[in-house]
Amino acid sequence: MASPVVHGGLPAHLVDFVGALRRAGIAVGPGESVDAAAVISELDLLRREQLREGLAAAMLRRSGQRAVFDALFDLWFPLGQGAALGEVALPYAEDGSVDVEALRDLLAGLLRDGDTAAMAELARAIVDGLGAVGKGQGGQGQGQGGGGGDRGQGGGGQPSTWSAYQALNAVRPETLLARVLADLRGGADAAWDSPFAEEVSRREVRDRIASFRRMVTDEARRRGAEVRGREAAARTGVPKQGDRVDFLTANSEQLADLRRRVAPLARHLASRLAARRRRARRGPIDLRRTLRRSMSTGGVPMRPAYRRPRPGRPELVLFCDVSGSVAGFSHFTMMLVQALREQFSRIRIFCFVDGCVEVTDLFGPGSDLGGVMAEITARPGLIAFDGHSDYGSALGRFREGWPDVVGPRTSLLLLGDGRTNYRDPNLAVLGDLAERSRHVHWLNPEPQAQWGTGDSAARRYGQVVPMHECRTAAQLAGVVSGLLPV
Amino acid sequence: MSTEPVDQKALFDSVDDVATRLADVGYIASTAVATTVFLADRLGKPLLVEGPAGVGKTELARAVAEATGSGLVRLQCYEGIDEARALYEWNHAKQLLRITAAASSPTRPEAWDETRDDVFSEEFLLPRPLLTAIRRTDPTVLLVDETDKADVEVEGLLLEVLGDFQVTVPELGTVVAAQRPFTLLTSNATRELSEALKRRCLYLHLDFPDAELERRIVLTRVPQLPEALAEELVRIVGVLRGIQLRKAPSVSETIDWGRTLLALGLDTVDDATVRATLGVVLKHQSDTERAVAELRLN
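About the criteria used
For every chain, the first residue of the written sequence is number 1, and numbering continues from 1 along that sequence. Going through the entries in the order they are written, you letter the chains from A and number the ligands from 1. The model is predicted, so local features are restricted to residues of pLDDT at least 70 and side-chain atom pairs to those at 80 or more, both for listing and for counting; the totals for chains, interfaces and linings are taken over all residues. Only heavy atoms go into the side-chain values, all of them from the structure, while hydrogens and water stay out. Helix and strand labels come from DSSP, where a helix needs a run of H or I of at least four residues and a strand needs a run of E of at least two; each type is numbered from the N terminus. Relative accessibility thresholds used throughout: buried, under 20% of the residue-type maximum; exposed, over 50%; partly exposed, between the two (1.4 Å probe, protein chains only). By definition, two strands form a pair when at least two bridges between them are found by DSSP. Whenever a helix is involved, its axis is fitted only over the stretch in contact; in every case the axis is a line through C-alpha atoms, and angles between N-to-C directions fall within 0 to 180 degrees. Should any heavy atoms of two residues lie within 4.5 Å, those residues are considered in contact. Here, nonpolar core means buried Ala, Val, Leu, Ile, Met, Phe, Trp, Tyr and Cys residues that are tied together by side-chain atoms lying within 4.5 Å of each other. In this entry, domain limits derive from an automatic or database-based domain assignment. Summed over both partners, the accessible area (1.4 Å probe) lost when two parts come together is defined as the buried area. Throughout this description, the term salt bridge denotes a Lys or Arg side-chain nitrogen within 4 Å of a carboxyl oxygen of Asp or Glu. Side-chain atoms alone can form a polar contact between residues adjacent in sequence; in general such a contact is a pair of N or O atoms within 3.5 Å, and within protein one must be able to donate a hydrogen while the other accepts it. Throughout this entry, Asp, Glu, Lys and Arg are counted as charged residues, while Ala, Val, Leu, Ile, Met, Phe, Trp, Tyr, Cys and Pro are counted as nonpolar. The remaining residues, Gly among them, count as polar. Take the number of residues in a helix, subtract one, and multiply by 1.5 Å to get its expected span. In this description, the arc belongs to the directions extending from the helix axis to the C-beta atoms. Here a Phe, Tyr or Trp ring, Trp counted by its six-membered ring, pairs with any other such ring whose centre lies within 6.5 Å, and the pair is stacked when the planes are under 30 degrees apart, edge-to-face when over 60, and tilted otherwise. A ring is considered to have a charge above it if a Lys NZ or an Arg CZ atom is located within 6 Å of its centre and within 35 degrees of its normal.

1. Focus on the environment of R216 of chain B
Then step 1. Along the chain, R216 of chain B falls in helix 10 (residues 211-221).
Then step 2. For the pair R216 of chain B and E227 of chain B, spaced eleven residues apart in the sequence, the C-alpha separation amounts to 9.3 Å.

Pasting the structure below:
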């Protein structure tokens with residue numbers, strides 16, 4: 001079992017915790033460590049939630065880091081050692097095994113009432129009773145009545161780890177949904193007041209079940225950390241920070257998180273592209289500043305000051321690859337496009353595979369992203385030949401079909417991996433477009449090491465226009481802030 | 001980094017004291033809020049509050065000011081705000097007047113020197129919020145609202161003010177805070193604030209509260225609302241936040257909804273009521289359509 005505190009007392013333990021945060025990608029500087037120490041000295045250490053919030057306030061700098069922080073905090077400042085059971089105990093059958101049916105009854109009751117505190121205690125009990133892996137057979141059912149710290153030592157010895165999967169598989173909380181809903185409705189035969197009431201309750205219970213699953217997972221991680229050491233648990237069990245998730249491999253929860261991140265980035269990108277020279281040489285006179293300047297010449301306005309120009313709204317043209325090879329990325333592309341749509345007054349959106357179509361009209365205000373993708377693929381002209389991406393031919397069709405779209409005030413943004421199936425990349429057209437537009441940038445979702453390998457023409461395109469690796473939201477943020485000096 | 005603040009009485013005794021006193025003035029604080037407010041006061045650091053619109057960021061500053069009997073000085077940031085609007089400005093018109101007045105008087109050799117020293121004195125200084133907050137001798141809460149809307153240069157300005165709580169006016173010298181104001185910065189995270197600014201602050205991400213807390217907030221703000229109704233509203237808003245919407249409803253929307261129902265004299269939430277008043281909670285037509293479809297309201 002890992003010792004709760006390393007030698008050197010609380011300061012050393014804190015430094016150890018800081019190290020773990022850094023390894024997880026949260027930049028905590030020495031200044032933050034000092035702040036954290038000051039926080040510890042001001043707070044009552046027995047109030048764990050206050051300590052958690054206090055440390056978070058001193059060490060974190062953006063909201064996306066919170067999930068990682070919470071997971072590591074639970075490892076370094078655990079709620080307790082061993083089972084640390086509360087008042088909710090598992091029901092046991094006559095033969096000493098866990099009575100799963102009674103347990104499910106208990107859980108259904110808690111889900112119905114939404115009693116979070118009791119659910120957390122039950123999650124702890126469930127991991128303790130059902131989650132042990134690699135424990136001797138006699139272990140289960142030993143001394144179950146007590147809320148003891150000496151459990152685990154008795155019976156069949158130490159389990160090798162704790163599995164949330166195993167525990168959840170035994171209880172199967174999702175299958176309780178129908179039952180809890182029936183309870184809420186007031187009996188299996190009763191009817192809902194309206195479909196709306198049913199839907200609200202259904203979603204509510206579903207959220208509770210999801211949060212219960214999270215509780216069990218967190219608890220299993222905590223117990224596992226005691227067995228394997230928290231360093232090992234920190235390496236494997238802690239979620240990735242949202243902005244470091246790869247677009248091509250993100251799961252649905254991460255995608256939802258990405259969506260929240262992309263909207264502010266789009267605004268940021270818009271203001272970067274719109275940035276103009278700050279001090280204008282002509283335009284309306286700024287009377288206040290002119291008067292202020294005249295002070296040095298005794299009130300005679302010698303040097304007029306001009307009003308600062310408002311940042312103009314630029315024209316943006318997006319050119320997006322929606323072929324199969326970038327399926328994961330194109331979802332992100334669509335999110336970015338929709339977010340940009342709200343920031344730019346004049347935007348034209350083009351999608352291509354080996355043909356090219358304009359899809360600006362699909363991204364009206366408040367359009368539904370799920371439906372948009374289907375409509376894009378159904379557009380005639382998107383696929384000209386065989387449905388394999390062909391950048392060269394798509395670029396050619398783009399210039400032929402819409403020759404006047406790209407002009408001297410246009411910023412052109414290309415999104416794609418540059419994998420053109422060994423066909424002619426048509427560099428001349430891209431060079432021509434780059435010459436005619438104000439800015440061109442290419443965002444590539446592939447790791448830089450893979451550019452130019454196989455059928456990728458990314459390196460060759462990269463010589464014509466600036467190409468940026470853009471695999472995660474963090475990288476996108478970097479690209480955006482590096483685009484132009486403001 | 002900075003010198004020890006002028007010996008100053010702490011505003012709060014403990015985290016629980018923060019929570020109780022904020023509750024007394026009608027602000028129900030979560031553990032996170034109470035803890036960070038307590039720490040910001042104790043450590044003498046500014047508190048940066050980030051989060052979606054309508055979760056009570058600005059309200060928090062107001063509540064802290066009211067609970068501690070401090071004056072609230074507010075700096076509203078916007079695109080293009082500059083030193084002259086945030087810190088101080090010389091009153092040119094008055095300065096010009098003074099110079100003209102001096103010039104019209106009979107010529108004395110020392111008159112010019114007098115005038116020169118005179119026009120750059122306190123009398124001609126127009127303090128803006130940051131300088132006001134620093135010069136105040138009474139307890140002060142300084143609120144820098146929507147910091148993310150301001151340009152990057154203004155952040156540099158804030159660094160001096162928030163790091164050392166002093167302002168340098170070249171003609172007058174450095175003004176050091178008589179007492180350290182309790183400083184709160186808010187941001188909607190539309191752009192990333194600079195690391196340097198963030199490092200000087202404690203960070204609080206204020207998100208939607210959990211159901212229990214939100215119920216208490218709504219009941220505090222709309223005391224006439226029946227408890228069962230408040231609970232029902234909070235439930236529905238919680239579900240709405242789970243749907244992919246362009247703008248998820250915030251606490252302020254829940255409160256507005258409670259007020260609306262009260263004003264309409266309704267004491268139950270049925271389908272017809274929700275359909276009729278959904279516009280209070282959802283601010284986009286597409287969101288309303290989506291919610292109606294997903295929650296089977298039609």
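From this point, the narrative continues.
2. Section: the pairing of strand 6 (residues 166-169) of chain B
Residues and elements named next belong to chain B.
Then step 1. Here strand 6 shows a clear split, with V167 and V169 buried on one side and none of Q166 and T168 buried on the other.
Then step 2. The pairing of strand 6 with strand 7 (residues 173-176) spans four bridges and is classified as antiparallel. Considered in strand 7, the bridge of V169 is made with G173.
Then step 3. Adjacent in sequence and paired antiparallel, strand 6 and strand 7 are bridged by three residues.

3. Brief notes about the sheet that holds strand 6 (residues 410-415) of chain A
All names here are of chain A.
Then step 1. Spatially, six strands are ordered 5-4-3-6-7-8 in an open sheet, and the strand pairing comes out mixed. Two strands in the sheet have a free side with no partner beyond their single neighbour: strand 5 (356-358) and strand 8 (467-469). Averaged over all pairs of adjacent strands, the angle between strand axes in this sheet comes to 20 degrees, irrespective of strand direction.
Then step 2. Judged from the five bridges that link them, strand 6 and strand 7 (residues 439-444) form a sheet pairing that is parallel. Across the sheet, S411 pairs through a bridge with H439, a residue of strand 7.
Then step 3. On the sheet, helix 15 (residues 391-401) packs against strand 3 (315-321), strand 4 (346-352), strand 5, strand 6 and strand 7 and is oriented at approximately 145 degrees with respect to strand 3.

4. Points about the nonpolar core
Soluble globular proteins: nonpolar side chains tend toward being buried together.
Then step 1. F17, L55, M59 and L72 of chain A are the most contacted members of the largest nonpolar core, which totals 124 residues.
Then step 2. Among the elements that make up this core, the one with the highest residue count is helix 11 (residues 227-242) of chain B (eight residues).
Then step 3. Both domains that furnish three or more residues to this core are identified here as domain 1 (15-79 + 129-205) and domain 3 (211-295) of chain B.
Then step 4. When residues no more than four places from it in sequence are discounted, the contact partners of L72 of chain A are F17, A20, L21, A24, A234 and V238 of chain A.
Then step 5. One finds L265, L318, L413 and L415 of chain A within the second-largest nonpolar core, a separate group that totals 38 residues.

5. Structural notes on the interface of chain A and chain B
Then step 1. Contacts between the two partners involve 44 residues from chain A, matched on the other side by 47 residues from chain B.
Then step 2. Both sides together, the interface formed by chain A and chain B hides about 4200 Å², and carbon and sulfur atoms give 55% of it.
Then step 3. When residues of chain A are sorted by the area they lose upon contact with chain B, R61, F196 and R288 of chain A head the list and together hold 17% of the total.
Then step 4. Inspection of the region where chain A meets chain B yields eight salt bridges.
Then step 5. In this structure, D35 of chain A and K45 of chain B form a salt bridge, with 2.5 Å as the shortest nitrogen-oxygen distance.
Then step 6. Our count for the contact surface shared by chain A and chain B stands at eleven residue pairs in polar contact (both at pLDDT 80 or more).
Then step 7. Elements supplying a minimum of two residues to the side of chain A that touches chain B: helix 2 (30-42), helix 3 (48-59), helix 9 (195-228), helix 11 (252-274) and helix 12 (287-294) of chain A.
Then step 8. With nine residues, the top contributor of residues to the side of chain A that touches chain B is helix 9 of chain A.
Then step 9. For the side of chain A that touches chain B, the per-class residue count stands at 16 nonpolar, seven polar and 21 charged.

6. Section: the domain arrangement of chain B
Then step 1. Considered domain by domain, chain B is made up of domain 1 (15-79 + 129-205), domain 2 (89-118) and domain 3 (211-295).
Then step 2. Averaged C-alpha coordinates put domain 1 of chain B and domain 2 of chain B at centres separated by 39 Å.

7. Here's the deal with helix 5 (residues 92-104) of chain B
Residue and element names in this part refer to chain B.
Then step 1. End to end, helix 5 covers 18 Å across 13 residues, agreeing with the expected 18 Å (1.5 Å per residue, within 8%).
Then step 2. Buried within helix 5 we find H92, Q95 and A102. In a view along the axis of helix 5, the buried residues occupy a sector of 90 degrees, so they form one face of it. Exposed positions of helix 5 whose direction lies more than 90 degrees from the buried face are A93, L97, T100 and S104.

8. Considerations on the pattern of salt bridges
Working definition: two side chains of opposite charge can pair if their charged atoms are close together.
Then step 1. Applying the stated rule across the entire model yields 52 salt bridges over all chains.
Then step 2. As a salt-bridge pair, E199 of chain A and R296 of chain B come within 3.0 Å of each other at their nearest N and O atoms. Taken together, the residues E199 of chain A in helix 9 and R296 of chain B in the segment after helix 14 (285-294) connect one chain to another.
Then step 3. The buried category is assigned to E199 of chain A, whose relative accessible area is 8%.

9. Digging into the packing of aromatic side chains
Then step 1. Within the structure shown, the criterion is met by 17 aromatic pairs over all chains.
Then step 2. When the ring of F350 of chain A is compared with that of F398 of chain A, the centres are 4.8 Å apart and the planes differ by 65 degrees; the resulting orientation is edge-to-face. Residue F350 of chain A is located in strand 4, and its partner F398 of chain A is located in helix 15; the two are separated by 48 residues in the primary sequence.
Then step 3. Given a relative accessible area of 1%, F398 of chain A falls into the buried group.
Then step 4. Here the aromatic cluster, defined as three or more aromatic residues joined through ring pairs, consists of F319, F350, F352, Y391, F398, W402, W442 and Y461 of chain A.
Then step 5. A cation sits over an aromatic face here: K94 of chain B above F124 of chain B, 5.6 Å from the ring centre.

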